[in-house]
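Structural description and commentary
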Amino acid sequence: MAAIKSILTETRVFPPAEAFVKQANVSGMAAYEALCRQAETDYEGFWADRARQHITWKTPFTHVLDDSNAPFYKWFDDGELNVSWNCLDRHLAARGDRVALIFEADDGSVTKVTYTELHARVCQFANGLKSIGVEKGDRVIIYMPMSIEAVVAMQACARIGAIHSVVFGGFSAKSLFERITDAQAKVVVTADESLRGGKAVPLKRAVDESLTMGDTSSVERVIVYRRSGGAVNWGARDLWWHELTQTQAETCEPVWVSAEHPLFILYTSGSTGKPKGVQHSSGGFLLGAALSMHWVFDAKPDSDVFWCTADVGWVTGHTYVAYGPLALGMTEVIFEGIPTFPHAGRFWEVIAKHGVTTFYTAPTAIRSLIKLGADLPAQHDLSSLRLLGSVGEPINPEAWMWYQQTVGGGRCPVVDTWWQTETGAHMIAPLPGAVPTKPGSCTLPLPGIMADVTDEHGGPVAKGHGGYLVIKRPFPFQLRTLWGDPERFKKTYFPQELGGATYLAGDSAHRDEDGYFWIMGRVDDVLNVSGHRLGTMEIESALVSNLRVAEAAVVGRPHDIKGEAVVAYVVLKGTRPVGAEAKQVAAELREWVAREIGPIARPDEIRFGDNLPKTRSGKIMRRLLRAIAKGEEIAQDVSTLENPAILDQLKEAVK
Ligand code: WTA
């Protein structure tokens, strides 16, 4: 891979506007460089300063980094804090009346909650959890729609030291079951239904189903928030949210925990079929959330209205909906709906309606909105905007330019933020008042983040050449381990090939002559579909669990809107279907995958073969399948294939 020479020739550079630089939290390149130098000369002192500045500690830490059991690093571990107290209580005296959450419902109705009110609701729910026996360290699964209540549930867990694991509401009952059992959850918090784009999705029904799929005896109670009023089945362990909370006190003494106490587990896709339970700490994670709000979003808590469109089921919704904005005492928008309902201008309408200053979304959303109406933003007053952010996948320069010009009116810096579930917060992103931007590049690492591009042995690669994206020193907000699987944690992220102490991100990247990073994509078997991580193995396991299917291989193919599309090659147990039969089986299998994992994993295309191309040792030739999916000429020597004729079969997509 190190031989891949960059073909990008992007040369446009956008220095931050004078007016932005003047008011920026980090103002000018010299200030950015000074921070980087401080981190280089006194790494631990640098992080200790940041941790003192951005977190209010109950018991100050005296240890900074403990690397005695690398790569199981600890940060600030004798310090004590409570994340919920940092997000709520510490703002009450000075800004209790400030609006914390502006909830924009699917149907356009609005609910505002001040810090004082949010604090009361979090305390009531925390007391409710305690009343049913939830204690420090217990796992709570949250399977909720985007709502005030989802944030309340997460914050309430943090308040009592319970470990939440949010499962995206678009995941299937089966995916939910796997996460409930892996985490050995004591409580599941859900809603009757979620409402998105005018459609109701029965969440409670999926929970009911998941609890019948195997041994889920760890689950003692299911708490149900009434969102839609839709019909639900009721059992002995079910409890209504409103009944649980109505008699609870509006104050709740936080449980003070060590900085290393786990704050949450969030499952994400990896190279194998089993999702990984990424475990984050309390102190380090909170520092990453607060610091990146301050640095990358240039947060101004007194005047900003922040809007991150991500669902709380993904890491972006953890760091930049549930924790980061609240840690700074900001006002943020929480959006229940979808970008295209009831019309394709919904995002722009919401920005104008609430005076959003800082808007954070994904390239896939930007691309689809360009397609649906490149001129729609002009129909709304977007003058409140001052900063735009992008996350989840590489943003193509044309989409970046449109975002900057048409949405941002040419006046707002665009921060393209590279990071991962595992890193907890932004890693490589411009500090908008300092670092000039280039469309399509996430620019330079945050001060203190020692990012680099290396070959497979950790050696240097020449400028402009592709390699592995790595982080050379531990940082406070990185994952601590994989829940219940420390060996996999070590092998996946700190491989021996790189010396065992370098963090391997799983992405390929190259750096240009200015040292800017350009992310090229995943190097493992993980797809990025509409900014969502999906393991090819997960989709393959789902396919072969269908009785008709003998074998399956899944690859990605570039897609204009989604970034990547899912292409599945399938061998059936009977004969290879053709014509109308192929069409019908393909439709069935697509639905099957949607039901097994969730609609986001539904294959875009299914192709049937009599068998799959394999090497002599029986390994599926994925590179070949990727080339076929893209419609490329096959350069590879295929003479060793058992049956070269199947390549022609596989070229044929079911229409
Ligand atoms: C990709 C989402 C290019 C990358 C926060 C990474 C990006 C994976 C960017 C993590 C970006 C995320 N430019 N690629 N700005 N941001 N990625 O865990 O492949 O859902 O490894 O975290 O998304 O996805 P995850």
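What counts and how
Residues numbered from 1 in each chain as written. Predicted model: local features only at pLDDT ≥ 70, side-chain atom pairs only at ≥ 80, totals over all residues. Heavy atoms only, no water. Phe/Tyr/Trp six-rings, centres within 6.5 Å; stacked < 30°, edge-to-face > 60°. Helix = DSSP H or I, 4+ residues; strand = E, 2+ residues; numbered from the N terminus. Lys NZ or Arg CZ within 6 Å of the ring centre and 35° of its normal. Core = buried A, V, L, I, M, F, W, Y, C linked by side-chain atoms within 4.5 Å. Buried < 20%, exposed > 50% of the residue type's maximum accessible area, 1.4 Å probe, protein only. Contact = heavy atoms within 4.5 Å. Axes fitted to C-alpha atoms, helices over the stretch in contact; angles between N-to-C directions. Left-handed = near helix turned anticlockwise from the far one by under 90°. Nonpolar A, V, L, I, M, F, W, Y, C, P; charged D, E, K, R; others polar. Pairing = 2+ DSSP bridges. Near = heavy atom within 4 Å. Polar contact = N/O pair within 3.5 Å; in protein donor to acceptor, adjacent residues only side chain to side chain. Areas by Shrake-Rupley, 256 points an atom, 1.4 Å probe, with all protein chains shown as cover.

Remarks on the packing of aromatic side chains
For the coordinates displayed, the defined rule picks out 40 aromatic pairs. Aromatic side chains Trp307 and Phe359 sit 5.1 Å apart centroid to centroid with 55° between the ring planes, which places their arrangement in the tilted category. Highlighted residues: Trp307 in strand S16 (residues 305-308) and Phe359 in strand S18 (residues 358-361), separated in sequence by 52 residues. Directly above the aromatic system of Phe171 lies the positively charged group of Arg179, at a separation of 4.5 Å from the ring centroid. The side chain of Lys438 reaches across the aromatic face of Tyr516, ending 4.4 Å from its centre.

Concerning the nonpolar core
Membership of the largest hydrophobic core comes to 170 residues, with the highest contact counts inside it found for Trp47, Phe76, Phe125, Val189, Ile223 and Val570. In terms of residue count, helix H6 (residues 148-160) provides more of this core than any other element does, ten residues in total. Other than its neighbours up to four places away in sequence, Ile223 contacts Phe125, Leu129, Ile132, Val187, Val188, Val189, Thr190, Leu239, Trp241 and Leu244. Ile366, Leu385, Ala399 and Trp400 belong to the second-largest nonpolar core, a separate cluster that totals 28 residues.

Observations regarding the packing of helix H16 (residues 536-544) against helix H17 (residues 579-596)
In the contact formed by H16 and H17, the axes pass within 9 Å of each other and the chain directions differ by 115°. The crossing of H16 and H17 is right-handed. Side by side, H16 and H17 meet where Ile539, Ala542 and Leu543 of the first sit next to Leu589, Trp592, Val593 and Glu596 of the second. For the contact of H16 with H17, a count of residues per class yields six nonpolar, no polar and one charged.

Let's talk about the sheet that holds strand S30 (residues 605-608)
Read across the open sheet, the three strands follow the order S28-S29-S30; overall the sheet is mixed. A strand with exactly one partner marks an edge of an open sheet, and here the two such strands are strand S28 (549-559) and S30. On average, each strand axis in the sheet is tilted by 25° relative to the strand beside it, whichever way the strands run. With ten bridges joining them, S28 and strand S29 (residues 563-572) adopt antiparallel strand pairing. By the bridge assignment, Gly556 is partnered in S29 with Val566.

Focus on the site of the ligand
Lining the immediate surroundings of the ligand are 17 residues, of which Asp416, Thr417, Thr421, Asp507 and Arg522 lie closest. In this structure, Thr421 approaches the ligand through a side-chain N or O atom, which is 2.5 Å from an oxygen atom. Contact distances for the ligand include 2.7 Å between an oxygen atom and a side-chain N or O atom of Asp507. Here the ligand has 520 Å² of accessible area as a free molecule, and 96% of this is covered by the chains.

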